[in-house]
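Now for the letters of each chain:
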Amino acid sequence: MTKKLPTAQSRTAASQKGKAPAADISAKPAIAVKSKPSANPFPIVAIGASAGGLEALEQFLGNVPADSGMAYVVIQHLDPTHKGIMPELLQRATGMTVAQAGNRTRVEPNHVYVIPPNKDLSILHGLLYLLDPVAPRGMRLPIDFFFRTLADDMRNNAVGVILSGMGSDGSLGVRAIKENGGLVLVQEPSSSKFDSMPRHAIETAMADIVDTADQLPLRIIECLGHGNKPRAGTSVKEGLETEAQRSGFDKICILLRERTGHDFSHYKKSTVYRRIERRMAIHQLARIADYVRYLRENKQEVDLLFKELLIGVTSFFRDPAVWEYLQDKALPELLAATPEGTALRAWVAGCSTGEEAYSLAIAFREVLERMQLQGRYSLQIFATDLDPDAIEKARLGIYPANIAADVSEARLRRFFIVENDGYRIGKEIREQVVFAPQNVIMDPPFSKLDILTCRNLLIYLDAELQRKLLPLFHYSLKSGGILMLGNAETIGSNTDQFTTLESKSRLFRRNPSPLSALEVEFPTRHPPFTNLPTMRTTEPTPVNLQSLTEQLVLQKFSPASVLVNAAGDLVFINGRTGKYLEPAMGKANWNIHAMARDGLRQEIIIALPKALRSNKPIVCRDIGIGSGEAVQKVDMTVYPVQEPDALKGMVLIVFTDVAASAATAASAPGKRTTRKHPRVDELELALARAQQDMKTLQEEMQTSQEELKSTNEELQSTNEELQSTNEELTTSKEEMQSMNEELQTVNIELQSKVEELSTTNNDMKNLLNSTDLATVFLDNALHVRRFTRQATRLFKLIPGDVGRPLSDIVNELVYPDLLEEINEVLRTLVFSDREIATHDGRWFQVKIMPYRTLENVIDGVVITFSEISKAKQLEGELRLRGDAH
């Protein structure tokens, strides 16, 4: 059997000792929004069972109160050729009404409905519907089918229970129930007659509660009847209506951030709060403050809540219409616009356990084969997720047998390998995908992508974060790249960045819009925790008389001025500057050279670079603005700013009006006075200014020539240095080429070794299987290192048991001294050979030998089991004959 899980009593004891329950396996939230939920006010409990399920069903229903207020639907694998008598058998175990489900039967509380033989069962708006099965006998998955329809119809009022049974039916269904916020319970494998179905359900990490069949009804009532749990449709505001509740919610976000490093403050509060409610209900905590205290005392519970919040529900080729459109139109158009020989890049954000990434790789491979473009294009897929455990599962690429419900038989044959009781992704598809942990909110994105899929992640983020991520996706994609979103997600107001390819499928193409990297807010590892409360003070701010006085003086008496950068672009305007500046016609241009009025423009052109070069203020006096009698005299000061550092390199230009002087001068006594025409004075002043400007320009030209001469010498020196550097780079390039050739040689050798190792591994596997011997390899600590398929008939071994102690694995042998015998072999290095019986009457010859490496080092033991039941039977018959004679 699999790992022994604690019973309900041990879990309660663990909680009282301050430890999180070991059997409360965390689940992941929903990611799809489908049909409108049913208006049923009561939960519906779907119970899936198969071999050995009758006893478990009787234990379950026998402990359900007659007035529980819930309805129960039993889905069991039944013989399609026999009349169903399950309702009569179950009626003996419960006081509720038990009936066989009929077409359009309305589900009522405190009733039990049983699926009839040779039918699939579904539910819509609280009515049961019978369907003829389409899958051939032996490949039907009625539990998965009903669990999925129940999840779509009842949402968070759906409850899924997995009891004893063979196979993996139900493991996809529990994902769908968790996806829609429902509750999942699983019978403890050690208490079930056949543990395959419970074990597969637990391995999905979707089970909220694992317990014995007779305890599961009580756990359901405790969770769903919990006072803190609002009914479907209750908004998060109703759940966080008090300041204490909001404070507790924020504290949970802080604890999650401190423990995991991930900030959930930008996730939708409704999503996070529902998951918190579920954990509170499981632990029967009424107040959120109690749960905060429980989290602080039990770090394992923080990890479980983190797992609960992760968005990890997915499946192969989810939403088939999307993949059909992608293969029929989007991918062919992308390939047509891409030169041959190009290696395309794709990013699957939030890949969970890898189904989405592998689906994309399979779809791309099928398009290449259909268009006969094999070898002309390749696709490298980068798949990332926040959950490191999900990434590890994705890297293994092993999935249960019931993925046949989502993957066609042709694809299973073409791209998957049958392994044990499931499927492993084929090598050609696995090599296309690189998996890595990543937080799309906090880690840098991939770039230069041709395809980006982020399906059903945005709906769990708030609007602010969505607005930041969509420009980030635009930056990551190449022009014309494909963006795939979930069926409940849109690009919002980013229509200038993306063009809709197919609205129902949520496929978009990146526009070549002028969005630069400066306009994209890139993720950082330490974003501000903006949603958490900040300390507020109610004390009044003291009045600062100095500050108020300075503001008054600046507003009333300071001259008009502008702050510009070295290129003349306006940075700040102080006071009324309309007399000196005006916007130019045409496209908006906020440069002072374009905005300066006639008379000022020429002075600014000369004074601005002069002030920047000399780092000294330049004063220009009596500048005339306007014409005729409306001429205004202005003094202009161009002041280069040195401090503060934030303004260093900028220039402050100050305009000061000059009061008009007397137009005439008093005549001397007895002398005739002469008067000049005002135009003559103006021309003389202009001439003097022009002469001064010419002199200034000559000085600047001489200075520029000297600077250019010095710069030329520096450039010559730099050119010589660059030539020397170029020679060094050429030498380095040759060394790199030589090193690259060496690396290529080493890589070829390593590839040869890997292929040789793979061939040897295949030969070893086939050799062990062909001998039909049950073989178990242990290390020196007696942990399982490897085992053959035949060994699973004696030991309850699964691939995940590699690395576990052999003492934890339940076996069928009547061999209480097995571990002592193994230790004795390791001590003496003398092999052991015994004939051992099993509990079911079989006999095996058990040989225990030391495991020797090529270096002649003892590194564990090898145990082989050769069945000798027939020989023992013959020996017994011969003994009986001998006794008879």
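Since the model is a prediction, treat every value here as computed from it, not as a measurement. (Residues numbered from 1 in each chain as written. Predicted model: local features only at pLDDT ≥ 70, side-chain atom pairs only at ≥ 80, totals over all residues. Heavy atoms only, no water.)

Draft legend 1. View of the overall build of the protein chain. Each helix and strand in the protein chain was counted, giving 24 helices and 30 strands. Scored against the burial criterion, the 885 residues of the protein chain give a buried share of 44%. By sequence separation, contacts in the protein chain at least 24 residues apart represent 66% of the contacts at least 6 residues apart. (Helix = DSSP H or I, 4+ residues; strand = E, 2+ residues; numbered from the N terminus. Buried < 20%, exposed > 50% of the residue type's maximum accessible area, 1.4 Å probe, protein only. Contact = heavy atoms within 4.5 Å.)

Draft legend 2. Here's a closer look at the packing of aromatic side chains. This structure, assessed with the given rule, holds 15 aromatic pairs. Ring geometry for phenylalanine 60 and tyrosine 72: centres 6.3 Å apart, planes at 70 degrees, overall edge-to-face. In this pair, phenylalanine 60 is assigned in helix α2 (residues 53–61) and tyrosine 72 in strand β2 (residues 71–76), connecting sequence segments twelve residues apart. In this structure, phenylalanine 60 and tyrosine 72 share a single accessibility class: buried. Pairwise contacts between aromatic rings join Phe316, Tyr358, Tyr399, Phe416, Tyr423 and Phe435 into one cluster. Over the aromatic face of tyrosine 851 sits the side chain of arginine 785, whose NZ or CZ is 4.9 Å from the ring centroid. For the cation-ring pair, lysine 872 lies above tryptophan 843, with the distance from its terminal atom to the ring centre recorded as 4.6 Å. (Phe/Tyr/Trp six-rings, centres within 6.5 Å; stacked < 30°, edge-to-face > 60°. Lys NZ or Arg CZ within 6 Å of the ring centre and 35° of its normal.)

Draft legend 3. Broad picture of the pairing of strand β22 (residues 570–574). For strand β21 (residues 560–564) and β22, the ladder comprises four bridges, and the chain directions are antiparallel. When the bridges of β22 are listed, serine 561 appears paired with asparagine 574. Hairpin connection between β21 and β22: a loop of five residues separates the two successive antiparallel strands, and glycine 568 in this loop has a positive phi of roughly 95 degrees. (Pairing = 2+ DSSP bridges.)

Draft legend 4. Local environment of helix α9 (residues 243–260). With 18 residues, α9 should cover 26 Å at 1.5 Å per step; its first-to-last C-alpha distance of 26 Å lies within 8% of that length. Residues of α9 that are buried include every one of Gly248, Phe249, Asp250, Ile252, Cys253, Leu255 and Leu256, and no others. The elements touched by buried residues of α9 are α10 (269–282), α11 (288–297) and α12 (299–309). With its phi angle positive at about 80 degrees, glycine 261 sits one or two positions after the end of α9. (Expected span 1.5 Å × (residues − 1).)

Draft legend 5. Local environment of unusual backbone geometry. With an omega of 5 degrees, the peptide bond between glutamate 643 and proline 644 qualifies as cis. Looking at the element boundaries, proline 644 is found in the loop between β24 (632–640) and β25 (651–657). Positive phi outside glycine occurs at glutamine 284, with the angle close to 55 degrees. With respect to the secondary-structure elements, glutamine 284 resides in the loop between α10 and α11. Among the residues examined, glutamine 284 registers a relative accessible area of 47% and is labelled partly exposed. At leucine 782, a residue that is not glycine, the phi angle is positive and equals roughly 65 degrees. Checked against the element boundaries, leucine 782 lands in the loop between β26 (774–778) and β27 (784–787).

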